[in-house]
Amino acid sequence: MKEIHEKFMREAINLSQQNIERGGGPFAAVIVKNGELISASANTVTDDNDPTAHAEVNAIRTACKKLKTYDLSDCTIYTSCEPCPMCLGAIYWARIAKVYYGNTKSDAQNIGFDDSFIYEELELAINKRKVKFIQLLPTEAIKTFQKWDDLDDKIEY
């Protein structure tokens, strides 16, 4: 079993190396279901001019499209680096059961990819964060939530 996990981790590592060679960042991820590679993606932030185009998010999007589901609870993700806060959130929302990673967030920090400020911000009260959060029209906005809550035929996710 260890050999299978190492095979898929090497796939993620190799993809991250290829991404560097083509001018991208040093991150990649693969998603596996029942021993079958479902999706593989590198970080495409600079290619796509999209700060959310991290390897894990790209791989999750591809896997969900391929499997025609938003629930990847029967999948495993292998990622070249410990996921950042955004990717960690995406992994939880996709319900991925297990994460194998190569480099740590400290390793990423050492080469200029430092996510610690996000973790620090999350610990602060909303009114103490660097990004200003201003609630607007809550009595109007809540009506949409109430409508959703009242639906009998909603697809819960």
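Scroll up a little and you will see the structure.
The model shown is predicted, which means the values in this text are computed figures rather than measured ones.

A.B. asks: So, the overall build of the chain: which residues are in play, and what are the values?
C.D. replies: Tallying secondary structure elements over the chain gives seven helices and four strands in all. Listing the helices and strands of the chain from first to last along the sequence gives α-β-β-α-α-β-α-β-α-α-α. Principal-axis analysis of the C-alpha atoms gives the chain an extent of 55 × 40 × 30 Å. Burial status across the chain gives 31% buried among its 157 residues. Expressed as a percentage of contacts within the chain between residues at least 6 apart in sequence, the contacts between residues at least 24 apart total 48%. Of the roughly 10,900 Å² of accessible surface on the chain, 55% is carried by carbon and sulfur atoms. Mean positive and mean negative side-chain charge positions of the chain (19 and 24 charges, respectively) differ by 1 Å.

A.B. asks: Outline a negative patch on the surface, listing residues and values.
C.D. replies: On the surface, Asp-149, Asp-150, Asp-152, Asp-153 and Glu-156 cluster together into a patch of negative charge. Position of Asp-152 among the secondary structure elements: in the segment after helix H7 (138-150).

A.B. asks: Can you explain a nonpolar patch on the surface? Please cite residues and give values.
C.D. replies: A contiguous nonpolar surface patch, about 570 Å² in accessible area, is contributed by Tyr-70, Trp-148, Leu-151, Ile-155 and Tyr-157. By the secondary structure assignment, Leu-151 is in the segment after H7.

A.B. asks: Any details on the nonpolar core? Residues and values, ideally.
C.D. replies: Of all hydrophobic cores here, the largest spans 17 residues; its most connected members are Ile-31, Ile-60, Leu-72, Ile-77 and Ile-96. Here this core gets five residues from one element, more than from any other, and that element is helix H3 (residues 55-67). When residues no more than four places from it in sequence are discounted, the contact partners of Ile-31 are Glu-36, Leu-37, Ile-38, Ser-39, Ala-59, Ile-60, Ala-63, Leu-72, Cys-75, Thr-76, Ile-77 and Ile-96.

A.B. asks: Requested: an account of the sheet that holds strand S2 (residues 36-42), with residues and values cited.
C.D. replies: Read from one edge of the open sheet, four strands run S2-S1-S3-S4, paired in mixed fashion. Unpaired on one side and paired on the other, S2 and strand S4 (98-103) mark the two borders of the sheet. Across the sheet, the axes of successive neighbouring strands diverge by a mean angle of 15°, strand direction being ignored. Sheet analysis places strand S1 (residues 28-33) next to strand S3 (residues 75-81), joined by five bridges and oriented antiparallel. If you follow Val-32 over to S3, its bridge partner there is Thr-76.

A.B. asks: Give me the state of the cysteines: which residues, what numbers.
C.D. replies: This structure, assessed with the given rule, holds zero disulfides. Cys-64 forms no disulfide, and the closest cysteine sulfur to it belongs to Cys-75, at a distance of 8.1 Å. In this structure Cys-64 comes out as buried when scored by relative accessible area, which is 16%.

Reading guide: rules and limits
Residues numbered from 1 in each chain as written. Predicted model: local features only at pLDDT ≥ 70, side-chain atom pairs only at ≥ 80, totals over all residues. Heavy atoms only, no water. Helix = DSSP H or I, 4+ residues; strand = E, 2+ residues; numbered from the N terminus. Buried < 20%, exposed > 50% of the residue type's maximum accessible area, 1.4 Å probe, protein only. Contact = heavy atoms within 4.5 Å. Areas by Shrake-Rupley, 256 points an atom, 1.4 Å probe, with all protein chains shown as cover. Lys, Arg positive; Asp, Glu negative; His and termini not counted. Charge placed at Lys NZ, Arg CZ, Asp CG, Glu CD. Patch = residues over 30% accessible without salt bridge, like charges linked within 9 Å, V, L, I, M, F, W, Y side chains within 5 Å. Salt bridge = Lys/Arg side-chain N within 4 Å of Asp/Glu carboxyl O. Core = buried A, V, L, I, M, F, W, Y, C linked by side-chain atoms within 4.5 Å. Pairing = 2+ DSSP bridges. Axes fitted to C-alpha atoms, helices over the stretch in contact; angles between N-to-C directions. Disulfide = S-S within 2.5 Å.

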